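# Chains, contacts and geometry: an overview
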Amino acid sequence: MPGLLRGVARTAVVAGTATAVSNRVSRRQAGRWAQQENQQSYAQPGYAEPAPAAAPPPAAPSMDQKVEQLQQLAALKEQGILTDDEFAAQKARILGS
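Presented here is an overview of the structure given in this document. (Residues numbered from 1 in each chain as written. Predicted model: local features only at pLDDT ≥ 70, side-chain atom pairs only at ≥ 80, totals over all residues. Heavy atoms only, no water.)

## A short note on the overall build of the chain
The helix and strand tally for the chain stands at three helices and zero strands. Overall, the chain shows an N-to-C arrangement of helices and strands of α-α-α. Considering the chain as a whole, with its 97 residues, one finds that 5% of them fall into the buried category. Entry remark: accessible area of the chain is about 8,600 Å², with carbon and sulfur atoms responsible for 59%. (Helix = DSSP H or I, 4+ residues; strand = E, 2+ residues; numbered from the N terminus. Buried < 20%, exposed > 50% of the residue type's maximum accessible area, 1.4 Å probe, protein only. Areas by Shrake-Rupley, 256 points an atom, 1.4 Å probe, with all protein chains shown as cover.)

## Here we look at the pattern of salt bridges
Applying the stated criterion to the full structure yields one salt bridge. Lys77 is the partner of Asp84 in a salt bridge, and the nearest nitrogen-oxygen pair spans 3.4 Å. Residue classification places Asp84 among the exposed residues on the basis of a relative accessible area of 51%. Assessed through its relative accessible area of 34%, Lys77 is described here as partly exposed. (Salt bridge = Lys/Arg side-chain N within 4 Å of Asp/Glu carboxyl O.)

## Details of the packing of helix α2 (residues 63-78) against helix α3 (residues 84-96)
Following both chains from N to C, one finds α2 and α3 inclined at 175°, their axes separated by 10 Å at the closest point. As summarised for this structure, α2 and α3 are arranged roughly antiparallel, according to the angle between their axes. On the side of α2, the interface is formed by Lys66, Gln69, Leu70, Leu73, Ala74 and Lys77, while α3 contributes Asp84, Phe87, Gln90, Lys91, Ile94 and Leu95. (Axes fitted to C-alpha atoms, helices over the stretch in contact; angles between N-to-C directions. Parallel < 35°, antiparallel > 145°, perpendicular 65-115°, else oblique. Contact = heavy atoms within 4.5 Å.)

## Focus: the packing of aromatic side chains
Applying the stated criterion across every chain yields a total of zero aromatic pairs. Over the aromatic face of Phe87 sits the side chain of Lys77, whose NZ or CZ is 4.9 Å from the ring centroid. (Phe/Tyr/Trp six-rings, centres within 6.5 Å; stacked < 30°, edge-to-face > 60°. Lys NZ or Arg CZ within 6 Å of the ring centre and 35° of its normal.)

## Comments concerning a positive patch on the surface
A cluster of like positive charges, contributed by Arg24, Arg27, Arg28 and Arg32, occupies part of the molecular surface. Structurally, Arg27 can be placed in helix α1 (residues 2-43). Judged by its relative accessible area of 57%, Arg27 is exposed. (Patch = residues over 30% accessible without salt bridge, like charges linked within 9 Å, V, L, I, M, F, W, Y side chains within 5 Å. Lys, Arg positive; Asp, Glu negative; His and termini not counted. Charge placed at Lys NZ, Arg CZ, Asp CG, Glu CD.)

Structure below.
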């Protein structure tokens, strides 16, 4: 009986190893094929994806919008939410744009 168990165990180990190696080879080959397909698709100019359209630049804020933003900043400063330095930096950013 011990000889039979040893034979069955050896067969199981060999079969498991063969399966693992086979699966690894299959995954590696599939990866290589996918990589080759990607390289070929980029090499063909007729199948290249079009470049995305550039977004138009944002419109410059009007003077009314700038005044409103400055009023909001002043209110935040009066409430103590903004420090003097933060207020000055945001004011410069608004007036600079």
